[in-house]
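So you can see what is in the structure, the chains are spelled out below.
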Amino acid sequence: MRLKTSLLKEPKHRELVSCIGWTTADELYSCSDDHQILRWNLLTSETSLVVKLPDSFYPIDLHWFPKTVGGKKQTSAEVFVLTSSDGKFHLASKTGRIEKSVEAHKGAVLAGRWNHDGTALVTAGEDGQIKNWSKSGMLRSTLATQASPVYSVAWGPDSERILYTSGRHLVIKPLQPSVKVIQWKAHDGVILKVDWNSVNDLILSGGEDCKYKVWDSFGRLLYCSLSHDYPVTSLSWAPDGEVFAVGSFNTLRLCDKTGVRNVMNDAVDVLEFRDRVIKASLAFGHLVVATSLQCYIYNTKNWNTPLIFDLKEGTVSLILQAERHALLVDGAGLYIFSYEGRLISSPKFPGMRADVLNAQCVSLSNDTFAIRDKSDEKVILLFDALTGKSLGDGKSLTHKMEVVEIALDQCGPSTERKIALIDKNRDLYLTSVRYLGREPKICKIGSMIHSMAWNNAANILCGVQDSQFTVWYYPSTVFIDKELLPKTLYTKDGSEFGHTPHILSYVDTKVRLRQRDGSLLYTSVPPYAAFLHEFSSSARWEDALRLCRFAKKDSLWACLAAMAIANRELTTAEMAYAAIRELPRVHYINFIKQQPSKESSLAHLLLFSGQVQEAEATLLQAGLLYQAIQVNIDLFNWQRALELAVKHKTHVDTVLAYREKFLQTFGRKESNKRFLQYAKGVEVDWDKIQAKIEMELAKEREKAANASVKSGVAQRR
């Protein structure tokens, strides 16, 4: 991206232009000390006079009412607030008619800003006061009073806090009086302008010390520019929070740029468009470009014949790509298009605010679309990408803390789709997307994670973790063998990336990162894990074993062990666990292989992964009552074991016998009333119990043998 500037031969305004405001991507309004409000159309390059203001009216600040609230266009979005030097602010219509004028401050009203949901207006004045007003212009409260003028003010993303200047300091003031105010010295000169982005929650400030700075919402400095020649008098975030513009005397800065180059043969293609390019995205072999009127989809193998379709609005703020389709976000909604230009779906949900979405709170895969709920940031809404309907009967995924970033994995079947999320504590969690009515199991896999990204061709996750770069070769290990997860990681020193870099992409073996100063960095990841994923998905276990023997890395053996357990490939799992010296697990796998039936083997595999309830349900469904009871005895889940025995009227004596043996081992006496009750009426005879157990196991073996014979006969037929 770059700035394109031009100067008119004859200026349309005769005096200083004090403020401007965009209505759409191609239309803006400007106010000047010549007392005129002009409308500029960038498509036709036409400029028209909206209204001639009185000669005593000198405008200072202009801000349009939010365009969409709760996903719906607002008729009041045709209104803007205009502040002036006479201490008033004015609510004006798009036609220039002054709907209402309000005496607000003593001295000039230096700033006026609507909050993000359009329910309140804040003004700051030369008299040092900050005031909160209703939508109709009624005074609600005076939020702060200070001795020096307040030059700039901005709303927080939640519309519950305001940021304002106080000389060389910045102040974050919550609307609730009981909440603590945050104040810090930000510049060496008077601060002239601030902006607070609602998408990335970052703060911009610029002042008379000729510097501009980026802060987080706790007042921690993230970036400081060099000292320039002149004071910074204006600055603003792009709505999506990806870039920002900074203005000073005769200077305008924008810190970002993009280009298209074929690195295989160094060929350069220049793509020209009829209209202004607003957004572009290159991934999965396709380039998606949004202009102010149309969307262009290029296949990277053919740059000559793009697919072109018209856009409803020319304000595309976000483009996300998956292997089979792309998501476009504009002010009106969310749209998923195929790479043939066909609209696949348009997900909708109550309170949808498309204008505040960014790549951190939205994620797309071939079959699933996920979005963090703006109204409750602990909630992640899940949709079927092909139909736009909610997953799980409309149920959402709820985390225990506010979520700051989400990402769906890109490979494998939809039934195994996983989502990674980073919460406010910077902890990284993984959970399944399609949990089919059951409560989702959300497992923590990392801490102090600043940024993350999934690989494009395998379900491998990378992240910047504190001061190191970490790759989770097989994140799903946490659901299979949690203790094995640390052995599946690849780590390297991350100090070369600077402070909290942001991961832009993870393609094949290359990870692209952006530092806080905007520079790009690349790092590589060994390719072996991706090959292992490929061999596992195609059941090429011999190839997987050969790869691990060649690479001689414990991390790969650990991944193979987890993959083999997930696919019930016990022989491979046994060899992989043996290679990393996990002998207890090798013995347990041998025990699983010796089980008399497939149902018993499956149940113990589920136990191996910690899925106790699923294991018990599998045994009960197969009619293996003794095995289900014995599983609970082995886990010392005595209450459940007795409950099953009593319910099915079998093996009550078995439970009592094992319970008595357990208590004797630890030198304790029975105190449980229920066990005491049944002990009075049930005789414990170990010989009878052993005979009954042997009979149950013999029945299970016979049943399994008969099933095997029937299966063989059916196959021969």
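Refer to the structure presented above.
All residue numbers refer to positions counted from 1 along the written sequence of the respective chain. Totals for whole chains, interfaces and linings use every residue, but because this is a predicted model, local features are given only for residues with pLDDT of at least 70 and side-chain atom pairs only at 80 or more, for both listing and counting. Side-chain measures here rest on the full set of heavy atoms in the structure, leaving out hydrogens and waters.

We now examine the sheet that holds strand β22 (residues 221-224). The strand order β19-β20-β21-β22 describes an open sheet built from four strands, whose pairing is antiparallel. The open sheet terminates on both sides in strands that have one partner only, identified here as β19 (191-196) and β22. Averaged over all pairs of adjacent strands, the angle between their axes in this sheet comes to 20 degrees, without regard to strand direction. Any two strands with at least two DSSP-identified bridges between them are counted as paired. The helix count covers DSSP runs of H or I at least four residues long, the strand count covers runs of E at least two residues long, and both are numbered beginning at the N terminus. With four bridges joining them, strand β20 (residues 203-207) and strand β21 (residues 212-215) adopt antiparallel strand pairing. Bridge assignment links G206 to a residue of β21, and that residue is Y212. Angles shown run from 0 to 180 degrees and are taken between the N-to-C directions of axes, each axis being a line fitted to C-alpha atoms and, for helices, limited to the stretch in contact.

This part takes up the sheet that holds strand β35 (residues 343-345). Strand pairing within a sheet occurs via backbone hydrogen bonds; the two strands may be parallel or antiparallel. Across the sheet, which stays open at both edges, the four strands sit in the order β32-β33-β34-β35 with antiparallel pairing between neighbours. Looking along the sheet, the strands with just one partner apiece sit at the ends: β32 (318-321) and β35. Direction aside, neighbouring strands of the sheet carry axes that sit 30 degrees apart on average. Examined bridge by bridge, strand β34 (residues 334-338) and β35 share two bridges and lie antiparallel to one another. By the bridge assignment, I336 is partnered in β35 with S345.

Here the focus is empty space enclosed by the protein. Only protein atoms enter the calculation, which uses a 1 Å grid: trapped sets of points that fit a 1.4 Å probe without letting it out are cavities, open sets showing protein on both sides within 12 Å along at least five of seven lines are pockets, and any residue with an atom within 4 Å of a point is a lining residue. Grid points are joined across faces, edges and corners, and a volume is the space filled by probe spheres set on the points. For the coordinates displayed, the defined rule picks out two cavities of 30 Å³ or more. Around the largest cavity, the lining residues are N455, I460, Y506, D508, T509, V525, P526, P527 and A530. Looking at the lining of the largest cavity, its residues break down into six nonpolar, two polar and one charged. Of the pockets and cavities examined, the second largest cavity occupies roughly 40 Å³. Throughout, the ten residues Ala, Val, Leu, Ile, Met, Phe, Trp, Tyr, Cys and Pro are labelled nonpolar, Asp, Glu, Lys and Arg are labelled charged, and all others, Gly among them, are labelled polar.

Moving on to the pairing of β22. For β21 and β22, the ladder comprises three bridges, and the chain directions are antiparallel. Paired with K213 across the strands is C224, a residue of β22.

Phi is positive for K649, which is not a glycine, with a value near 55 degrees. Mapped onto the fold, K649 is located in the loop between α10 (638-648) and α11 (652-665). Even without being a glycine, H651 presents a positive backbone phi close to 65 degrees.

Residues belong to a common nonpolar core when they are buried Ala, Val, Leu, Ile, Met, Phe, Trp, Tyr or Cys residues joined through side-chain atoms within 4.5 Å. Buried, partly exposed and exposed residues are distinguished by accessible area as a fraction of the type maximum, computed with a 1.4 Å probe on protein chains only: under 20%, between the cut-offs, and over 50%, respectively. Core analysis: the biggest nonpolar cluster contains 46 residues, and L532, L560, I565 and Y577 have the highest contact counts within it. The dominant element in this core, judged by the number of residues it contributes, is helix α4 (residues 554-566), at 10 residues. Between two residues, a contact is recorded if the distance between any of their heavy atoms is within 4.5 Å. Apart from residues no more than four positions distant in its own chain, L532 is found in contact with A544, L547, C548, L556, C559, L560 and M563.

Attention now moves to the packing of helix α5 (residues 570-579) against helix α6 (residues 583-593). Close contact between α5 and α6 brings their axes to 9 Å; oriented N to C, the two are set at 165 degrees. In terms of orientation, α5 and α6 fall into the roughly antiparallel class. Note on packing geometry: the crossing formed by α5 with α6 is left-handed. Of α6, the residues touching α5 (which contributes L570, T571, A573, E574, Y577 and A578) are R585, V586, I589, N590, I592 and K593. Partitioned by chemical class, the residues of the contact of α5 with α6 number seven nonpolar, two polar and three charged. Any angle that is under 35 degrees is reported as roughly parallel, and any over 145 degrees as roughly antiparallel; angles of 65 to 115 degrees are reported as roughly perpendicular and all others as oblique. Each crossing gets its hand from how the near helix is turned against the far one by less than a right angle, where anticlockwise is left-handed and clockwise is right-handed.

Note that an α-helix has 3.6 residues per turn; residues three or four places apart therefore point the same way. Here helix α7 (residues 598-608) lies mainly inside the structure; eight of its 11 residues are buried. S600, S601, A603, H604, L605, L606, L607 and F608 are the residues of α7 that are buried. Backbone geometry just downstream of α7 places G610 in the positive-phi region, at approximately 85 degrees.

Before going further, it helps to examine the pattern of salt bridges. Take a side-chain nitrogen of Lys or Arg and a carboxyl oxygen of Asp or Glu: if they are within 4 Å of each other, that pair is a salt bridge. Counted according to the given criterion, the structure contains 28 salt bridges. Here D367 and R417 are joined by a salt bridge, their closest N and O atoms 2.7 Å apart. Residue D367 is found in the loop between β36 (362-364) and β37 (368-372), and its partner R417 is found in the loop between β40 (403-408) and β41 (418-423); the two are separated by 50 residues along the sequence. The two residues D367 and R417 agree in class, both being buried. Here R581 makes a salt bridge to D554, at a shortest N to O gap of 2.9 Å. Placement of the pair is R581 in the loop between α5 and α6 and D554 in helix α4, with a sequence separation of 27 residues. A relative accessible area of 56% means that R581 is categorised as exposed. One network of salt bridges, in which partners are shared, links D481, E483, K487, E582 and R585.

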